[in-house]
Amino acid sequence: MAAMRALWLIVALVLTACTESGGEDLEQSFRGQFEQWYRDHPPSTALPIPSELALLARHKPVYFLGPDARPPVDFYGHYIANGTLHDGDGQVLARAPDRATLNQYARDPRARFIHDGPKGEYGPGVVYGRVDHDRLVIDGAPLELTFLTYTLVFETSGVLAGLPGWQELAIQAVADPTDWHQLDHYVNVTVALREEQPIALMFQHHNYQRTWRLVGPAGPGRLDLPIDGRPLVDIALRSNEAYPHRGEPARWRAVSFMESGARFLVLGEDAPMQSGEDLTDPARRLDDLTLVTLPHADAFYTFRGSLGEARTLPGRSGPPGADYNTLAGLKAPATQLVAAYWYEGLADYPDQVTALLQSAWRGRRLDLAPFVARFAREAGLAGDG
């Protein structure tokens, strides 16, 4: 009996760790800030122009999956087409809704789509590409940048494959670790371009990002693109997170939230409860994904409700649209770029980013100066606006 109580204490701790303290209040604040973001930055209804499409095609990543991983799917043709859209009272709005129907309810925060899968194999998947433009101000001079963001869609999102043993047992006692929640459409890789030349790559990891520079001297924080300009990306087992290609199995420190895990990620210290490792094993190369573009205003990005079933345990309910990959205060592409530039051993970063995130949560003005200065200096952009 004592052993059973101990197990359930562990389960409770693990599940509490799957969401930040504050629970529903933080979730409401998070979504409320995005409502203001959309008012201040109305998403475009236009598709990329031909020159932008050419850039998206030129830099489309090459992805590598684990040996037994399910492939990415078509959001509308596979995921949305196999499920039911409900209103806030649980009444059915549409079965197997199409894109037009999902967009009709995109602004309803109580709308919920429930997927019927995962089912059998769906065939070749797609990668969603979008183009954004933003600027950095370096030494008082504006630097115009183009951002190419590529997103994969998976039917389910699992937990870290490299959890400590006791956490793995606790998770398995209450849920399927490969199906923590329905839908994962935050599998993002972003190429930042200056005058059509790549200067940085940004990867989405759980609820935070990491930027790697492609320019400047060799050293920490630097990656090199293949000669064809297409990033090589490994997709983590179970969690689907995107990481730089290593050509062999690799382990990456990971946390649920940067606010509580920055010291662990960057310095390997003070591991929070919600931490472990993402595992990558690039056994299968995906090079046949169809590039699809959607307007920034499409429900794929902007859906206010939930795009997966509601589940009782914290953190297991379906997510909103793909725009909600970070805090609204950090949503500007150039802000994400510099705020996410970190590498192992960067001693002052944990305190700086924790303060930045606290300001973003509270809707305060962000002090980006140290982040801009560091990225500009190490990427060789300082004084070169």
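Residues numbered from 1 in each chain as written. Predicted model: local features only at pLDDT ≥ 70, side-chain atom pairs only at ≥ 80, totals over all residues. Heavy atoms only, no water.

Counting 80 residues, the largest nonpolar core has Tyr-63, Leu-136, Ile-235, Met-258 and Phe-375 as the members making the most contacts within it. Tallying contributions element by element places strand 6 (residues 141-157) first for this core, with seven residues. Among residues more than four places away in sequence, those in contact with Met-258 are Tyr-208, Leu-265, Trp-342, Tyr-349, Val-353 and Leu-357. With 21 residues, the next largest nonpolar core counts Tyr-79, Ala-111, Val-126 and Phe-303 among its residues. (Core = buried A, V, L, I, M, F, W, Y, C linked by side-chain atoms within 4.5 Å. Buried < 20%, exposed > 50% of the residue type's maximum accessible area, 1.4 Å probe, protein only. Helix = DSSP H or I, 4+ residues; strand = E, 2+ residues; numbered from the N terminus. Contact = heavy atoms within 4.5 Å.)

This brings us to helix 7 (residues 258-267). All of the buried residues in helix 7 are Met-258, Gly-261, Ala-262, Phe-264, Leu-265 and Val-266. Packing partners of the buried residues in helix 7 comprise strand 9 (208-213), strand 12 (250-255), strand 13 (275-280) and helix 10 (349-361). Positive backbone phi, approximately 70°, marks Gly-268, located one or two places after helix 7.

This next bit is on the confidence of the model for the protein. On average, residues of the protein score 91 in pLDDT, and 91% of them are at 70 or above. In the predicted structure, residues 1-22 sits below a pLDDT of 50 and forms 31 contacts with residues beyond four places in sequence or in another chain. (pLDDT = per-residue confidence, 0-100.)

What follows concerns the packing of aromatic side chains. Taken as a whole, this structure holds 17 aromatic pairs when the rule is applied. Their ring planes at 65° and their centres at 5.5 Å tell us that Phe-30 and Phe-34 sit as a pair that is edge-to-face. Residue Phe-30 and its partner Phe-34 are both found in helix 2 (residues 24-40); the two are separated by four residues, about one turn of the helix. Grouping aromatic residues by their ring pairs yields a cluster made of Phe-75, Tyr-76, Tyr-79, Phe-113, Tyr-128, Phe-300 and Tyr-301. When the ring centre of Trp-342 is taken as origin, the NZ or CZ atom of Arg-210, which lies over that ring, is 4.3 Å away. We note Arg-316 situated over the ring of Trp-180; from NZ or CZ to the ring centre the distance is 5.1 Å. (Phe/Tyr/Trp six-rings, centres within 6.5 Å; stacked < 30°, edge-to-face > 60°. Lys NZ or Arg CZ within 6 Å of the ring centre and 35° of its normal.)

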